[in-house]
Amino acid sequence: MRALDIIRLKRDGHVLSREAIKTFAGGVADSSWPDYQVTAMLMAIFLRGMTLDEATVLTQAMAESGARLDPSDVLRPENGSTPVDKHSTGGVGDKASLVLAPLAAACGALVPMMSGRGLGHTGGTLDKLAAIPGFRTGLSVEEVRQTLSETGCVLFRQTAEVAPADRRMYALRDVTATVESIPLIASSIISKKVTEGIGALVLDVKVGSGGFMNDLAQARELSQWLVGISERSGLRTEALLTRMDTPLGRRVGNASEVREAIQTLKGEGPEDLESLSVILATRMLILGGVAGEDEAAGRVREALRSGRGVEKFRQIIAAQGGEPRVIDDPALLPLADREALVRATKRGVITRIDAGRVGHGAVALGAGRDHADAAVDPGVGIDLLVDEGATVNAGEPVMRVYYRDTASLEAALVHLQVATEVGEAAPPQRSLVMETIDGRTIQAQSL
Ligand code: URA
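Small disclaimer: the values here were computed from a predicted structure and weren't measured.

### Things to note about the overall build of the protein
Okay, so step 1: Check the secondary structure of the protein and you find 18 helices and 13 strands.
Okay, so step 2: On C-alpha atoms alone, the protein measures out to a radius of gyration of 22 Å, which is about the 22 Å that the 2.2 N^0.38 rule sets for 447 residues.
Okay, so step 3: If one aligns the C-alpha atoms of the protein with their principal axes, the spans along those axes are about 70 × 45 × 40 Å.
Okay, so step 4: Looking at the protein residue by residue over its 447 residues, the buried ones come to 56%.
Okay, so step 5: Here the protein has roughly 17800 Å² of accessible surface; of this, 48% comes from carbon and sulfur atoms.
Okay, so step 6: Separation between the mean location of the 49 positive side-chain charges and that of the 58 negative ones in the protein comes to 1 Å.

Here it is in structure tokens:
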């Protein structure tokens, strides 16, 4: 089939055949489709949408466009369990991967975790790992397999060998206003997960100002697509929609977040981060077939209490060339040497710490990127000194900011000075997990 005919069919709103979608993905991967045809096709998909079946074929074709990790070649997990991963849509202060991946691996799960860089005001696991001196995430497929077989967990980046069709499509979407298409977002995310050779996937879809979706209905729709495509691609999948209207934990900024993840693995972390990490690791054990519903949470808690989780993180850091002494000596992680305080403007109760504003403040400091090529500074960040519900006096410090230069501090303060809201009454306690969507939930839906 010619590119022109496939583009025309989608432009006119038709459902594409498997062959047409594979031709498109193949043409993207081997560059036989020039940029103008790929972008015309992406715009046609953006405007006309896709069915779940079309998006699933696209996902598989993108996954098959490059190298795949097949952990079963090197490892035979015990008890018939299957390799399992977790993916977050990204939030502010979200360092849960650094806690739950070692915990799940310490419980016997096999965790090949391909992560991304921060996007916009949300942080990315790769940027946090880059704060650990020496830590390498740019591994070849062979190194990924080797590391996984040594430690049961590997934290790595998408290389040129992995899903090249997705790589090219994403780069073109980025410059042609076609990123915000749910079938394209969902197939892009799941295609990379399929290349990991996993059999199960837990999705953490963030809802609130610190994530990409403020709106529960939108988050639910994306979750349904992610779960639908993933299940049809043979992965047991669950999406947890979790609250991201306030930062997760008390530290935001790459090295600071590594410090907080280590603290949490030592049982000394903030309650929200520990609780979310335990919930997600528990779901990983269950979906990955490592433990049953009745024992999984107990096993994760035991790995935390006994220190096996933090020891696993030390082992992962060493296996990937990082400095394992950061576990005992957080001073080995970078920290900007200038500090400023943000203070409460009046007496009252903290009713809100707005994750979105804190995230934008962190980007202004240099902890994230305002454009794709921007460098990230691992040592800058923000410590939250109070929690929602705390009573504060006027002038009391609510945040400590670590910064490098006055211009970036001033740009960050524009966001941080209005991030905390003070009122009369404590906000109601709200559960972190808002709802769960799995294969059964979506069976009845027609997408
Ligand atoms: N993350 C991805 O990997 N792909 C998208 O399209 C959006 C976010």
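From this point, the narrative continues.
### A look at the domain arrangement of the protein
Okay, so step 1: The domain architecture assigned to the protein consists of domain 1 (3–49), domain 2 (71–329 + 433–446) and domain 3 (335–423).
Okay, so step 2: A C-alpha centroid distance of 26 Å is found between domain 2 and domain 3.
Okay, so step 3: Listed by partner, the interface residues are 22 residues for domain 2 and 26 residues for domain 3.
Okay, so step 4: Roughly 1800 Å² is buried in total at the junction of domain 2 and domain 3, and carbon and sulfur atoms are behind 46% of that figure.

### Topic: empty space enclosed by the protein
Okay, so step 1: Per the counting criterion, the structure on display carries two cavities of 30 Å³ or more.
Okay, so step 2: Around the largest cavity sit 22 residues that line it, and His121, Thr122, Gly123, Ala367 and Gly368 are the ones nearest its centre.
Okay, so step 3: Secondary-structure elements contributing two or more residues to the lining of the largest cavity are helix H7 (125–129), helix H12 (254–265) and helix H16 (355–365).
Okay, so step 4: With three residues, the top contributor of residues to the lining of the largest cavity is H16.
Okay, so step 5: Grouping the amino acids of the lining of the largest cavity by side-chain chemistry returns six nonpolar, twelve polar and four charged.
Okay, so step 6: In this structure, the lining of the largest cavity is formed jointly by two domains, domain 2 (71–329 + 433–446) and domain 3 (335–423), each of which donates at least three residues.

### Some details on the site of the ligand
Okay, so step 1: Taken together, Tyr170, Arg173, Ile185, Ser188, Ile189 and Lys192 make up the full set of residues adjacent to the ligand.
Okay, so step 2: Within the contact set of the ligand, a nitrogen atom lies 2.6 Å away from a side-chain nitrogen or oxygen of serine 188.
Okay, so step 3: Alone, the ligand offers 240 Å² of accessible surface; in the complex the protein occludes 81% of this.
Okay, so step 4: Of all the elements in the fold, those that place two or more residues in the shell around the ligand are helix H9 (164–174) and helix H10 (182–195).
Okay, so step 5: Residue contributions to the shell around the ligand peak at four residues, all from H10.
Okay, so step 6: Here the shell around the ligand is composed, by residue class, of three nonpolar, one polar and two charged.

### Let's talk about the packing of aromatic side chains
Okay, so step 1: Evaluation of the coordinates by the stated rule reveals one aromatic pair.
Okay, so step 2: For the ring pair phenylalanine 24 and tryptophan 33, a centre distance of 5.2 Å and an interplane angle of 55 degrees mean the geometry is tilted. In this structure, phenylalanine 24 and tryptophan 33 share a single accessibility class: buried.

### Let's talk about the nonpolar core
Okay, so step 1: Core analysis: the biggest nonpolar cluster contains 82 residues, and Val111, Ile132, Leu285 and Met399 have the highest contact counts within it.
Okay, so step 2: Residues contacting methionine 399, with those up to four places away along its chain left out, are Ala340, Leu341, Val342, Val358, Ile382, Asp383, Leu384, Leu385, Leu416, Ala419 and Thr420.

### Thoughts on the sheet that holds strand S4 (residues 200–207)
Okay, so step 1: Here four strands make up an open sheet; going across it, the order is S1-S4-S5-S13 and the pairing mixed. The sheet is open, and its two edges are formed by strand S1 (84–88) and strand S13 (433–438), each paired on a single side. The average undirected angle you get between the axes of adjacent strands in this sheet is 15 degrees.
Okay, so step 2: Pairing analysis gives five bridges linking S1 to S4, with the strands arranged parallel. Bridge pairing in S4 links histidine 87 to leucine 203.

What counts as what
Residues numbered from 1 in each chain as written. Predicted model: local features only at pLDDT ≥ 70, side-chain atom pairs only at ≥ 80, totals over all residues. Heavy atoms only, no water. Helix = DSSP H or I, 4+ residues; strand = E, 2+ residues; numbered from the N terminus. Rg over C-alpha atoms; globule rule 2.2 N^0.38 Å. Buried < 20%, exposed > 50% of the residue type's maximum accessible area, 1.4 Å probe, protein only. Areas by Shrake-Rupley, 256 points an atom, 1.4 Å probe, with all protein chains shown as cover. Lys, Arg positive; Asp, Glu negative; His and termini not counted. Charge placed at Lys NZ, Arg CZ, Asp CG, Glu CD. Domains from an automatic or database assignment. Contact = heavy atoms within 4.5 Å. Buried area = accessible area lost by both parts, 1.4 Å probe. 1 Å grid on protein atoms, 1.4 Å probe; cavity = no way out; pocket = protein on both sides within 12 Å on 5 of 7 lines; lining within 4 Å. Points joined across faces, edges and corners; volume = space filled by probe spheres on them. Nonpolar A, V, L, I, M, F, W, Y, C, P; charged D, E, K, R; others polar. Near = heavy atom within 4 Å. Polar contact = N/O pair within 3.5 Å; in protein donor to acceptor, adjacent residues only side chain to side chain. Phe/Tyr/Trp six-rings, centres within 6.5 Å; stacked < 30°, edge-to-face > 60°. Core = buried A, V, L, I, M, F, W, Y, C linked by side-chain atoms within 4.5 Å. Pairing = 2+ DSSP bridges. Axes fitted to C-alpha atoms, helices over the stretch in contact; angles between N-to-C directions.

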